[in-house]
Amino acid sequence: MRINKFFLAIAASMMLLWACTPAPDAKQLTDQAISQVMEEFQNVGISAAVVKDGKIVYNESFGYKNLETKEPLGNTDVMRIASISKSFTATSLLQLVDKGIISLDDDVSDLIGFRIRNPHHPDVPITLRMVLSHTASIRDKEDYFTLDHLNPAVYGDCEESYFKYKPGEGYCYSNMGLNLAGTILEKVSGVRFDDYVRENVIWKLGLYGGHNIDSLDASKFAWIYSRENGEYVKSEGAYRSRADEMPDYKFGYSSPIFSPTGGVKISAHDLAVYMMMHMNYGEYNGVRVISEESAKAMQTPVWMIKNEGEDQYGLCLKEFVDYIDDPKYNAPGCYPVGHTGGAYGLNSIMIWSPADGWGIVAMTNGYTSVKGKSFLKELTNAIYNAQIKK
């Protein structure tokens, strides 16, 4: 009996201690969730930001910006975000649409200054809307950092650069197409591509970042690492200077060297601010970047992919189908919107709910694949469950 009383007293003391210990808050839960993902995927570093009700409620970084020196990754460090950059190119072009300078239904041949036609359908114009929605039938070549593959003066009918389906009647993701779009931006605006995006989108929102390595502070770069033979190897190409190519730069043609398709370098915090502009349909903190009509056009699917469970693509933004584990966001009309990115070993995501006003930005500068799992999906859902789900 005495022993029972002793253990009852111990149990009562423990219950009292637990009752007095505050429950983990959302930040602690999110920190723990990200740390668990990092442990599983052996990430070099992760930077993340969460938006709720029009403000950033979480912004933390984990791991290293430089694996060799073990310098920690910080919230103000910038990272290449790969294909999320496509939305910066589209946003910039839609500024010109808003001004009436161009139209989404313009023939890109007229905009770029040489004939662009799918030789299988030579009488069908390829429009800017098709290019931005990946329905232009343009096929990626291994080297999509030059427009030569689309230029009849270089490759004749350029048959190998096109699919056989009619432009506008099929979908295939095209990096070449977005490098063409960035070149059109330069040609029509009269401003070099990287300068236009930086001045009219990034700086307009008061953010730090850009496409051109030589215009950024290299001390802020989070180095990117690919996994090779079980080891992390620094991806030097992720932050390659283009200075040696500038003497031969052809205005209105050489823009792909800045990678309109994937070249933005920015912090998770600043990408979250950019995301909030799109969440608010083109405006942030009193600054309008694009019209509400254009912002909604970017978020509205142009191509409804027929296979169940596949994403629906708009103008360089897409609806995420079956991505968030919460069934609330896996029904038509409730899908989250955004984009992902992956190159050189990095992975990035920008995703938000138009209906409920939450958003997540996350990026890593190196990870190890885990069989049967998507790193970005695991990370996004871990953050969602810790910080947003109620």
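The text that follows walks through the structure, step by step, so that each part is easy to find. (Residues numbered from 1 in each chain as written. Predicted model: local features only at pLDDT ≥ 70, side-chain atom pairs only at ≥ 80, totals over all residues. Heavy atoms only, no water.)

Where helix α7 (residues 175–189) contacts helix α8 (residues 193–202), the two axes come as close as 8 Å, and the packing angle between them is 85 degrees. Relative to α8, the element α7 lies roughly perpendicular. On α8, the residues that touch Gly182, Leu185, Glu186 and Ser189 of α7 are Phe193, Tyr196 and Val197. (Axes fitted to C-alpha atoms, helices over the stretch in contact; angles between N-to-C directions. Helix = DSSP H or I, 4+ residues; strand = E, 2+ residues; numbered from the N terminus. Parallel < 35°, antiparallel > 145°, perpendicular 65-115°, else oblique. Contact = heavy atoms within 4.5 Å.)

Taken in spatial order, the three strands make up an open sheet running β4-β8-β5, and their pairing is antiparallel. Here the strands that pair on one side only, and so sit at the sheet edges, are β4 (79–80) and β5 (209–210). Judged from the two bridges that link them, β5 and strand β8 (residues 265–266) form a sheet pairing that is antiparallel. Paired with Gly209 across the strands is Ile266, a residue of β8. (Pairing = 2+ DSSP bridges.)

Our next topic: the packing of helix α2 (residues 26–41) against helix α11 (residues 375–387). The N-to-C vectors of α2 and α11 enclose an angle of 160 degrees; their axes lie 8 Å apart at closest approach. Overall, the two elements α2 and α11 adopt an arrangement that is roughly antiparallel. The crossing of α2 and α11 is right-handed. Residue-level inspection shows Ala26, Lys27, Leu29, Thr30, Ala33, Ile34, Val37 and Phe41 of α2 in contact with α11, the latter providing Phe375, Glu378, Leu379, Ala382, Ile383, Ala386 and Gln387. Among the residues making up the contact of α2 with α11, the classes are represented as eleven nonpolar, two polar and two charged. (Left-handed = near helix turned anticlockwise from the far one by under 90°. Nonpolar A, V, L, I, M, F, W, Y, C, P; charged D, E, K, R; others polar.)

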